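Next come the chains, spelled out residue by residue.
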Amino acid sequence: MNGAGRVLSTLAGIVYAMILAPIVVVVALAFSADDFIVFPPSGYSFRWFQALAGNGPLLDALLLSAQIACVVTALSLLLGVPAALALNKGSFPGREALQGFFLAPLLLPTLIIGLALLLFFTPLHLTATLPGLVLGHMIVTLPFVIRMMTTAFSTLPDDIEAAAATLGATPWRVVRRVTLPLAAPGLVACGALSFLLSFDETVISLFIAGPRASTLPVEMVRYVEGRTDPMVAALSVVLIAATLLVVILVERLVGVARAVGN
Amino acid sequence: MTDALHPLAAERPALPRGRRLPLPLLVLPAALFVLAVYVWPTLGLFRTAFNEVGPTGAMVEAWSLQTTREVFADSFTAELTLNSLWLSLVATALALALSYPVALFLFRTRSRFRGLLAVVAIMPMLVSGVVRIFGWLAILGDRGLVNGIAQWLGLISTPMRLVFNWTGVTIGLAESIMPYMILALLAGFGRLDRTLEEAARSLGATPLRCFLRVTLPLSLPAIALAAGLGFVLSMSSYITPRLMGGGRIFVLATEIYEQATTNTNWPVAAVLAIYTLVLLLALAVVARLAARRLQR
């Protein structure tokens, strides 16, 4: 018995077609010339991309989402990387418990976290504000950063750090000049993931966003609910392209960083 | 080497293993953040469940089970629970039936493109949920792909209603949990011993019999874990029921959101949220126990 066999491959192929169908349909629909969601479209055009370029609320939301994702990424790395470093370098009692504590936010569904934040933020007037949305997204991104960076640090070779320390470098200097540069690929990947997680975050944002500050996924939900035209498809194509760009960029950057590291 | 020369070297660890890095200082900011923005609000959610709703609809600070009693006295809660459980059950079964061949294929294939195929299988995870739901609306809608084909073939004269009802929500939900279930199944297949299958085949079992009597029983623990995961994810999914249901589908998740935002009835939202959490916890325990029992 070699490989997957014909029956299994065929079955898997059918399911693959199902998995890809929504994405293929969205891409085709983005170039539709129709006024409504009709598939297959009766004609093709760029009109929905043009309409998108003139849609103020969606573009504002896109800008705000990008801003939030940048701040969330910076702060998550700022808080998460030192914590991951300590978890990795330290051997103190309660290390495991602390690690579990940092990953705890991943246990609750975002629906529950969103509700808890709504109740918490409302008296503090943090709902529908940029700081509020940033804090909300960080609950999702910070555990990921800490988990990914703990793994990244643990795969680094010890001997270079040991050599630096033996040669008289202070611990801070070892971290700054040896550990972090060695972990650069992990940092880049971690930052990109954090950005994408924040940019895509929908449920928590639905609870704590408002008319004054609304993120792109929230606006997309509202748009899909209210209207039935292919504009969201055009926007989706832009988003899918941007996601691919980030992934390819990271691949390149990490590849380059690895080459430099070697 | 240097240890022998340096009198203090013996007392110093060879690696800068934290001794002199201010570890608490490194952990503190992140720990404070999790405490302030996660632990404290979650405790607040539990606290809110004991508050009452006044006659004007405003929240009244209290330490009572009044709201809990009201929520469970309402027959709508039972209906929501059944809706949530039934939807999750059907979506999980559908997703399992579709995920299993893909996971087994990925586990067995010797293709050069295995890595790429694995990424494509979990691609829905990488694309925004709203985008995928929009795609499903275009496929299943009145003037969508499925109705178009069915009408062209002359199978139906008027469009079938496939969205904004349970059918649409079930399909959308099944698709959204599939990547996670494929990953869970793949992780579980690690225990699958190919030599047992080869023995069955060489002893004359047909491929189907070999699958039913060897492969499937051996992968039962993986199935239990994947099903448990899919069920829990379905129960707590909110966007899919809301968008694919078009406001006509009522499950626990949609009701929690409705009570929290439109009705601003926080105590009821909190009670429903905790109730959902308890259900999820029970389900996770059942799946874990089932997986462990099946492993023996």
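Since this is a predicted model, take the numbers as computed values, not measurements. (Residues numbered from 1 in each chain as written. Chains lettered and ligands numbered in written order. Predicted model: local features only at pLDDT ≥ 70, side-chain atom pairs only at ≥ 80, totals over all residues.)

For chain B, the count of helices and strands is 14 helices and 2 strands. Scaling as 2.2 N^0.38, a compact globule of 296 residues should have a C-alpha radius of gyration of about 19 Å, whereas chain B reaches 26 Å, well beyond that. For chain B, the residues scored as buried account for 41% of the 296 residues in total. Across chain B, contacts joining residues at least 24 apart in sequence account for 70% of those joining residues at least 6 apart. (Helix = DSSP H or I, 4+ residues; strand = E, 2+ residues; numbered from the N terminus. Rg over C-alpha atoms; globule rule 2.2 N^0.38 Å. Buried ≥ 20, exposed ≤ 12 C-beta atoms within 10 Å, placed from the backbone. Contact = placed C-beta atoms within 7 Å.)

Moving on, we get to the overall build of chain A. Along chain A, the regular secondary structure elements total 12 helices and 0 strands. Along chain A, from the amino end to the carboxyl end, the secondary structure elements read α-α-α-α-α-α-α-α-α-α-α-α. Over its C-alpha atoms, taken along the principal directions, chain A stretches across nearly 70 × 65 × 35 Å. Look at the contacts in chain A between residues 6 or more apart in sequence, and 74% of them connect residues 24 or more apart.

Attention shifts here to the confidence of the model for chain B. Taken as a whole, chain B shows an average pLDDT of 88; of its residues, 93% reach a score of 70 or greater. By mean pLDDT, helix α1 (residues 2-5) of chain B is the weakest element of chain B at 44, and helix α13 (residues 252-260) of chain B is the strongest at 96. (pLDDT = per-residue confidence, 0-100.)

As a further point, take the packing of α13 of chain B against helix α14 (residues 266-295) of chain B. Residue and element names in this part refer to chain B. Where α13 contacts α14, the axes come no closer than 8 Å and their chain directions differ by 155 degrees. The pairing of α13 with α14 is recorded here as roughly antiparallel in orientation. The hand of the α13/α14 crossing is left-handed. Contact residues: Leu252, Glu255, Ile256, Gln259 and Ala260 in α13; Trp266, Val268, Ala269, Leu272, Ala273 and Thr276 in α14. (Axes fitted to C-alpha atoms, helices over the stretch in contact; angles between N-to-C directions. Parallel < 35°, antiparallel > 145°, perpendicular 65-115°, else oblique. Left-handed = near helix turned anticlockwise from the far one by under 90°.)

On to the interface of chain A and chain B, then. Chain A puts 72 residues into the contact, and the matching count from chain B is 67 residues. Ranked by residue count, the leading element in the side of chain A that touches chain B is helix α1 (residues 6-30) of chain A, at 14 residues. Of the residues in the side of chain A that touches chain B, the class split is 57 nonpolar, 10 polar and 5 charged. (Nonpolar A, V, L, I, M, F, W, Y, C, P; charged D, E, K, R; others polar.)

Another point: the environment of leucine 117 of chain A. Its location among the elements puts leucine 117 of chain A in helix α5 (residues 110-124). Given 27 C-beta atoms within 10 Å, leucine 117 of chain A falls into the buried group. Residues leucine 117 of chain A and leucine 59 of chain A, 58 residues apart in the sequence, show an inter-C-alpha distance of 26 Å. If we ignore the near neighbours within four places in the chain, the residues touching leucine 117 of chain A are Gly136, Ile204, Phe207 and Ile208 of chain A together with Pro41 of chain B.

A separate point is helix α11 (residues 220-235) of chain B. Between the first and last C-alpha of α11 of chain B there are 22 Å, a value that for 16 residues agrees with the 22 Å anticipated at 1.5 Å per step. Among the 16 residues that make up α11 of chain B, 14 are buried, leaving the element largely enclosed by the rest of the structure. (Expected span 1.5 Å × (residues − 1).)

Attention now moves to the nonpolar core. Within the largest apolar cluster, 159 residues are counted, with the highest numbers of intra-cluster contacts made by Ala83 and Leu115 of chain A together with Phe134, Met181, Ala226 and Ile256 of chain B. Of the residues forming this core, the biggest block, 14 residues, is contributed by helix α3 (residues 56-89) of chain A. If we ignore the near neighbours within four places in the chain, the residues touching alanine 83 of chain A are Phe102 and Ile146 of chain A together with Leu26, Val27 and Ala30 of chain B. (Core = buried A, V, L, I, M, F, W, Y, C linked by C-beta atoms within 7 Å.)

The next point concerns unusual backbone geometry. Although it is not a glycine, histidine 125 of chain A adopts a positive phi angle of roughly 55 degrees. For histidine 125 of chain A, the location among the structural elements is in the loop between α5 and α6 (130-154). Of note, the phi angle at threonine 264 of chain B is positive, near 40 degrees, even though the residue is not glycine. Along the chain, threonine 264 of chain B turns up in the loop between α13 and α14.

Turning to the environment of histidine 137 of chain A, a few remarks are in order. Residues and elements named next belong to chain A. The topology assignment puts histidine 137 in helix α6. According to the C-beta neighbour criterion, histidine 137 is buried, with 28 such atoms within 10 Å. For the pair histidine 137 and leucine 197, spaced 60 residues apart in the sequence, the C-alpha separation amounts to 8.1 Å. Each residue touching histidine 137, except ones within four places of it in the same chain, is listed here: Ile68, Val72, Ser198, Glu201 and Ile204.

Residue and element names in this part refer to chain B. Direction vectors running N to C along helix α2 (residues 23-48) and α14 enclose 110 degrees, while the axes themselves pass 8 Å from each other. Overall, the two elements α2 and α14 adopt an arrangement that is roughly perpendicular. Side by side, α2 and α14 meet where Leu45, Phe46 and Thr48 of the first sit next to Trp266, Pro267, Ala270, Ala273 and Ile274 of the second. A breakdown of the residues in the contact of α2 with α14 according to their chemical character gives 7 nonpolar, 1 polar and no charged.

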